[in-house]
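# Residue-level structural notes
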Amino acid sequence: MTLEIGGLTVRFGGVTALSEVDLTVRPGELVGLIGPNGAGKTTLFDCLTRRVEPAAGRMRFEGAGLEGTAPHEVAGRGIARTFQQLGLFPGLSVRENVMVGAHRHGRSGFGAAAIRPGRVRREERAIRRIADEALDRVGLLPLADHPAAHLPHGILKRVEIARALAVRPRLLLLDEPVSGLGHDEIADLARLVRDMHFTSDIMIIVVEHHMEFVMNLCERIVCLDSGRKIADGASGHVRRDPRVIDAYLGVVPWASPAGRP
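Residues numbered from 1 in each chain as written. Predicted model: local features only at pLDDT ≥ 70, side-chain atom pairs only at ≥ 80, totals over all residues. Heavy atoms only, no water.

The next point concerns the layout of surface pockets. One number sums up the size of the largest pocket: a volume of about 470 Å³. Around the largest pocket, the lining comprises 18 residues; the ones closest to its centre are Ala75, Ile79, Ala80, Arg81 and Phe83. Looking at the lining of the largest pocket, the elements with two or more residues in it are β6 (79-81), α2 (94-102) and α5 (153-165). Within the lining of the largest pocket, the residues separate by chemical class into 10 nonpolar, 4 polar and 4 charged. When residues of the lining of the largest pocket are assigned to domains, at least three fall in each of domain 1 (1-78 + 169-261) and domain 2 (92-168). (1 Å grid on protein atoms, 1.4 Å probe; cavity = no way out; pocket = protein on both sides within 12 Å on 5 of 7 lines; lining within 4 Å. Points joined across faces, edges and corners; volume = space filled by probe spheres on them. Helix = DSSP H or I, 4+ residues; strand = E, 2+ residues; numbered from the N terminus. Nonpolar A, V, L, I, M, F, W, Y, C, P; charged D, E, K, R; others polar. Domains from an automatic or database assignment.)

Our focus in this paragraph is the nonpolar core. If you look at the biggest cluster of nonpolar residues, it comprises 52 residues, and the most contacted ones within it are Leu172 and Ile204. Both domains that meet at this core, namely domain 1 (1-78 + 169-261) and domain 2 (92-168), each give it at least three residues. If we ignore the near neighbours within four places in the chain, the residues touching Ile204 are Glu29, Leu30, Val31, Leu172, Leu174, Val193, Met196 and His197. The next biggest cluster of nonpolar side chains, apart from the first, holds 29 residues, and it includes Leu18, Cys47, Met59 and Val222. (Core = buried A, V, L, I, M, F, W, Y, C linked by side-chain atoms within 4.5 Å. Buried < 20%, exposed > 50% of the residue type's maximum accessible area, 1.4 Å probe, protein only. Contact = heavy atoms within 4.5 Å.)

Moving on, we come to α2. In terms of burial, α2 is largely enclosed, as 7 of its 9 residues are buried. Regarding α2, the residues found buried are Val94, Arg95, Asn97, Val98, Met99, Gly101 and Ala102.

Quick look at the environment of Ile186 now. Along the chain, Ile186 falls in helix α6 (residues 183-198). Between the C-alpha atoms of Ile186 and Phe213, which are 27 residues apart in sequence, the distance is 7.3 Å. Non-local contacts of Ile186, meaning those with residues more than four positions away in its chain, are made with Val178, Leu181, His210 and Phe213.

A word on the pairing of strand β9 (residues 220-225). With 5 of its 6 residues buried, β9 lies for the most part within the structure. In the sheet, strand β3 (residues 30-34) pairs with β9 via 4 bridges, with the strands oriented parallel. Along β9, the bridge assignment pairs Gly32 with Ile221. Where β9 lies against strand β10 (residues 228-234), 6 bridges are found, and the strand directions are antiparallel. Within the sheet, the bridge partner assigned to Asp225 lies in β10 and is Arg228. With antiparallel pairing between neighbouring strands as the criterion, β9 and β10 make up a hairpin whose turn holds 2 residues, including Ser226 at a positive phi of roughly 50°. (Pairing = 2+ DSSP bridges.)

Bringing the environment of Arg60 into the picture now. Inspection of the secondary structure assignment puts Arg60 in strand β4 (residues 56-61). Overall, the relative accessible area of 33% leaves Arg60 in the partly exposed class. Separated by 55 residues in sequence, Arg60 and Ile5 have C-alpha atoms that sit 6.5 Å apart. Residues within four places of Arg60 in sequence aside, it is in contact with Thr2, Leu3, Glu4 and Gly65.

Spatial ordering of the open sheet is given by β2-β1-β4-β5, a layout of 4 strands whose pairing is antiparallel. Edge positions in the sheet fall to β2 (15-25) and β5 (64-65), since each has one partner strand and no second. Pairing analysis gives 7 bridges linking strand β1 (residues 3-12) to β2, with the strands arranged antiparallel. Across the sheet, residue Arg11 finds its bridge partner in β2, namely Thr16. Those strands touched by helix α1 (residues 41-48) are β1, β2 and β4, and its axis lies near 115° from that of β1. (Axes fitted to C-alpha atoms, helices over the stretch in contact; angles between N-to-C directions.)

A few words on the pattern of salt bridges. Overall, the coordinates contain 14 salt bridges when judged by the stated rule. For the salt bridge of Glu53 with Arg50, the shortest nitrogen-to-oxygen distance reads 2.7 Å. Measuring nitrogen to oxygen at the nearest pair gives 2.3 Å for the salt bridge that ties Arg191 to Asp188. With Arg191 and Asp188 both in helix α6 and 3 residues apart, this pair spans about one turn of that helix. Note on Asp188: relative accessible area 32%, which makes it partly exposed. Taken together, the shared-partner salt bridges connect Glu29, Arg220, Lys229 and Asp232 into one network. (Salt bridge = Lys/Arg side-chain N within 4 Å of Asp/Glu carboxyl O.)

In structure tokens:
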């Protein structure tokens, strides 16, 4: 079971955001997606989560096309995503925010709450357990009842990852997960993502501008530039690719191999 993208093309008016992009990701792979601003990275995520309709190309996940999938059905297909700009509900507790992601596992609607209250209560308990499992996985279970408002930015990043994990995804899309974090927080998040990678068969794609983080974390790197894929391979190879250096990396201190955080 894989993610297969072929010839993916997206146009916004006269601007081509993605141009015939091909990408295959297999179970258990941890892939870094890099490139300058405007390269098409977030647009690719938007296509996979059905927020943007491509002009051409195909997207197949676990053998079935994503075309025709409504945005609210994406989680049901086993795809979860975080966002660069946090989308949490400050008025809810940490647990309640994560339960929003877990609710895709419930089947009861508003009518069932009146007709079958017992079933609804059982589902809510199950959803709460799923949320608590996700919070435990990111090390935040002790903060489950804390209001999301006023928590540090680094904690909120983990809450959003927990909400994505509550979907129990088979494909996890992380959009700039270390944006705005300090050095120690970045190292902690790298360990968390690496643990998710090693302990499951989840396919993980990470969009990130923090090159030390993504190069040390991901064994495979894909680089986009102006909507086209210009490199796809091992991180050590991609960081030395002249096309990638010219388009994005330039000469930077971390360009030689470095240890993992």
